[in-house]
Amino acid sequence: QVQLVESGGGLVQAGGSLRLSCAASGRTFSSYAMGWFRQAAGKEREIVAAISGSGDITYYADSVKGRFTISRDNAKNTVYLQMNSLKPEDTAVYYCAIRNSRFLNRLRSEYDYWGQGTQVTVSS
């Protein structure tokens, strides 16, 4: 059974930075695309970023382009989300997910396993 564990969330001031990590177990990590999603209170879960199995292709939501960077270290079975220039509207629970394909996808329905989430709160 695949397990995903997020870490690195917390409380930061607007303009600050955080780096989220997601550690995976139970699969051949490098064969599968990974995604980061977020869900704010009262809203649906939305794509933040995604990365292909090899790490050569990435996708970013328009709202985070130029501020967030997704990366992966397949030797450590870990995917990262570097978040810079944080805004109050970035406040949400952030989830990592794995897709049973090396090709990334921006739709949450295409992902097969999910972590528990980590809270990110940005104060103004």
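The shown structure was predicted, so the numbers you read here are calculated from the model rather than taken from an experiment.

1. Observations concerning the pattern of salt bridges
Pairing between side chains of opposite charge can happen when the charged atoms of each approach one another.
Then, in step 1: Tallied over the entire structure, the rule returns six salt bridges.
Then, in step 2: In this structure, the salt-bridge partner of Asp90 is Arg67, at a minimum N-O distance of 2.8 Å. Of this pair, Asp90 sits in the loop between strand S8 (78-83) and strand S9 (92-98) while Arg67 sits in the loop between strand S6 (58-60) and strand S7 (68-73); the two residues are 23 residues apart in sequence, bridging distant segments of the chain. The exposure classification of Asp90 matches that of Arg67, with both residues buried.

2. A look at the sheet that holds strand S3 (residues 18-25)
Then, in step 1: The sheet built from four strands is open, its strands ordered S1-S3-S8-S7 with antiparallel pairing. Unpaired on one side and paired on the other, strand S1 (3-7) and S7 mark the two borders of the sheet. Recorded for the sheet is a direction-independent mean angle of 15° between the axes of neighbouring strands.
Then, in step 2: Strand direction decides the pairing type here: S3 and S8, joined by six bridges, are antiparallel. When the sheet's bridge partners are listed, Ser21 is paired in S8 with Tyr80.

Each value, and the rule that gives it
- In every chain, residue numbers begin from 1 and rise along the written sequence.
- Owing to the predicted nature of the model, reporting of local features is limited to residues with pLDDT of at least 70; listing and counting of side-chain atom pairs is limited to 80 or more, with chain, interface and lining totals taken over all residues.
- Side-chain numbers come from the whole structure's heavy atoms, not from hydrogens or water.
- We define a salt bridge as a contact between a side-chain nitrogen of Lys or Arg and a carboxyl oxygen of Asp or Glu at a distance within 4 Å.
- Counting from the N terminus, the helices are DSSP H or I runs at least four residues long and the strands are E runs at least two residues long.
- The buried label applies to any residue whose accessible area, calculated with a 1.4 Å probe on protein chains only, is under 20% of its type's maximum; exposed applies above 50%, and partly exposed to all values in between.
- Only strands joined by at least two bridges in the DSSP assignment are considered to pair.
- In this analysis an axis means a line fitted to C-alpha atoms, helices contributing only their contacting stretch, and an angle means the value between N-to-C directions, from 0 to 180 degrees.

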